Amino acid sequence: GAVHSIIFGGFSPDSIASRITDCESEYLITADEGVRGGKIIPLKKIADEALQQCPNVKKCVVIERTGNQVNWNNERDVSYKKLISSAPTKCDPEEMGAEDPLFILYTSGSTGRPKGVLTCHRGLCNVAEEHIRIFDVRPKSRVIQLASQSFDASVSEFAMSLCSGATLYLGPTESLLPGQPLVDQLQKHAITHITIPPSTLAVLPDEDLPALKTIAV
């Protein structure tokens with residue numbers, strides 16, 4: 001039932017620090033590095049710089065993405081891989097109320113200081129139920145996770161999938177690139193539902209996708 005805030009992987013240390021401070025976060029989850037458009041992004045290095053301004057952060061959980069060596073603070077940093085190695089395979093859900101806080105979504109801050117908007121559990125349930133109804137998502141549906149998990153739009157994809165009993169496909173970044181790589185995944189995994197930006201839809205090759213039933217743009 002902990003409240004979380006999703007932040008963009010391309011943020012500067014100052015942008016990350018301002019959001020951590022504003023919502024009084026005590027834990028940060030990041031990766032050693034990210035890969036975007038074939039370019040390595042030093043996520044852990046950026047996080048380290050941000051955390052210099054955030055003395056109240058207790059732990060930084062680091063996911064191994066590239067495996068390259070990064071700076072490590074033994075008192076603060078925790079390996080996600082080691083963390084889950086001793087975790088139980090079953091995790092009972094926490095019972096939450098409709099008005100209990102779920103996550104904080106921040107504005108871009110392009111016109112001033114970023115403003116946080118608190119979303120409650122009721123809001124997510126309503127979005128998931130409405131998307132399931134509108135897009136006709138069923139237990140045998142296969143939904144592809146195209147939005148980055150550092151982008152709040154990804155919440156819709158995994159919520160409507162898991163709440164409907166559908167299969168959610170998570171692919172490597174390079175396999176979801178606009179054009180032929182994405183088409184190959186749609187065909188290979190018989191994807192039935194996809195949420196896609198207009199720019200990506202515009203460059204999709206004209207190929208047969210018999211399983212695809214719903215395209216949300």
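Residues numbered from 1 in each chain as written. Predicted model: local features only at pLDDT ≥ 70, side-chain atom pairs only at ≥ 80, totals over all residues. Heavy atoms only, no water.

Caption draft 1: Layout of a negative patch on the surface. On the surface, Asp184, Asp206, Glu207 and Asp208 cluster together to form a negatively charged patch. Within the element layout of this structure, Asp206 appears in the loop between α7 (198–202) and β11 (214–216). (Patch = residues over 30% accessible without salt bridge, like charges linked within 9 Å, V, L, I, M, F, W, Y side chains within 5 Å. Areas by Shrake-Rupley, 256 points an atom, 1.4 Å probe, with all protein chains shown as cover. Salt bridge = Lys/Arg side-chain N within 4 Å of Asp/Glu carboxyl O. Lys, Arg positive; Asp, Glu negative; His and termini not counted. Charge placed at Lys NZ, Arg CZ, Asp CG, Glu CD. Helix = DSSP H or I, 4+ residues; strand = E, 2+ residues; numbered from the N terminus.)

Caption draft 2: Structural context of the packing of helix α4 (residues 121–135) against helix α5 (residues 153–164). Closest axis-to-axis distance for the α4/α5 pair is 9 Å, and the angle between their directions is 75°. One finds that α4 runs roughly perpendicular with respect to α5. Residue-level inspection shows Leu124, Ala128, His131, Ile132 and Phe135 of α4 in contact with α5, the latter providing Val155, Ser156, Ala159, Met160, Cys163 and Ser164. (Axes fitted to C-alpha atoms, helices over the stretch in contact; angles between N-to-C directions. Parallel < 35°, antiparallel > 145°, perpendicular 65-115°, else oblique. Contact = heavy atoms within 4.5 Å.)

Caption draft 3: The pairing of strand β4 (residues 59–63), seen in detail. The pairing of strand β1 (residues 27–31) with β4 spans 5 bridges and is classified as parallel. Paired with Tyr27 across the bridge in β4 is Lys59. (Pairing = 2+ DSSP bridges.)

Caption draft 4: Main features of the environment of Ser141. Its place among the elements puts Ser141 in the loop between α4 and β8 (142–144). Accessibility expressed as a relative area gives 7% for Ser141, which makes it buried. Considered as a pair, Ser141 and Ile191 are 50 residues apart in the sequence and their alpha carbons are 7.6 Å apart. In this structure Ser141 touches Asp136, Ala166, Thr167, Thr192 and His193, once residues within four positions along its chain are discounted. (Buried < 20%, exposed > 50% of the residue type's maximum accessible area, 1.4 Å probe, protein only.)

Caption draft 5: Local environment of the layout of surface pockets. Roughly 210 Å³ of internal volume is contained in the second largest pocket. Among the elements of the structure, β4 and α3 (80–85) are those that each provide at least two residues to the lining of the second largest pocket. For the lining of the second largest pocket, the class distribution of residues is 4 nonpolar, 4 polar and 4 charged. (1 Å grid on protein atoms, 1.4 Å probe; cavity = no way out; pocket = protein on both sides within 12 Å on 5 of 7 lines; lining within 4 Å. Points joined across faces, edges and corners; volume = space filled by probe spheres on them. Nonpolar A, V, L, I, M, F, W, Y, C, P; charged D, E, K, R; others polar.)

Caption draft 6: Structural detail: helix α1 (residues 13–23). Buried residues of α1: Pro13, Ile16, Ala17, Arg19 and Ile20, and no others. The buried residues of α1 occupy an angular sector of 165° when projected down its axis, which confines them to one face. In this structure, the buried residues of α1 make contact with β1, α2 (43–51) and β6 (101–106). (Arc of directions from axis to C-beta.)

Caption draft 7: Region of interest: a nonpolar patch on the surface. Taken together, the side chains of Ile29, Ile63, Tyr80, Leu83 and Ile84 define a hydrophobic patch exposed on the protein surface, amounting to about 460 Å² of accessible area. As for its placement among the helices and strands, Ile63 is situated in strand β4.

Caption draft 8: Spotlight on the sheet that holds β4. Taken in spatial order, the 3 strands of this open sheet run β1-β4-β5, and their pairing is parallel. Each edge of the open sheet carries a strand with a single partner, namely β1 and β5 (77–79). Direction aside, the axes of adjacent strands within the sheet are offset by 30° on average. Where β4 meets β5, 3 bridges bridge the pair, whose relative direction is parallel. For Cys60, the partnering residue across the bridge sits in β5 and is Asp77.

Caption draft 9: The arrangement of helix α6 (residues 180–188) in detail. Taken residue by residue, α6 has Leu182, Val183, Gln185 and Leu186 as its buried positions. Down the axis of α6, the sector holding all buried residues measures 160°, keeping them to one side. Positive phi appears at Ala190, one or two residues downstream of α6, with a value of about 50°.

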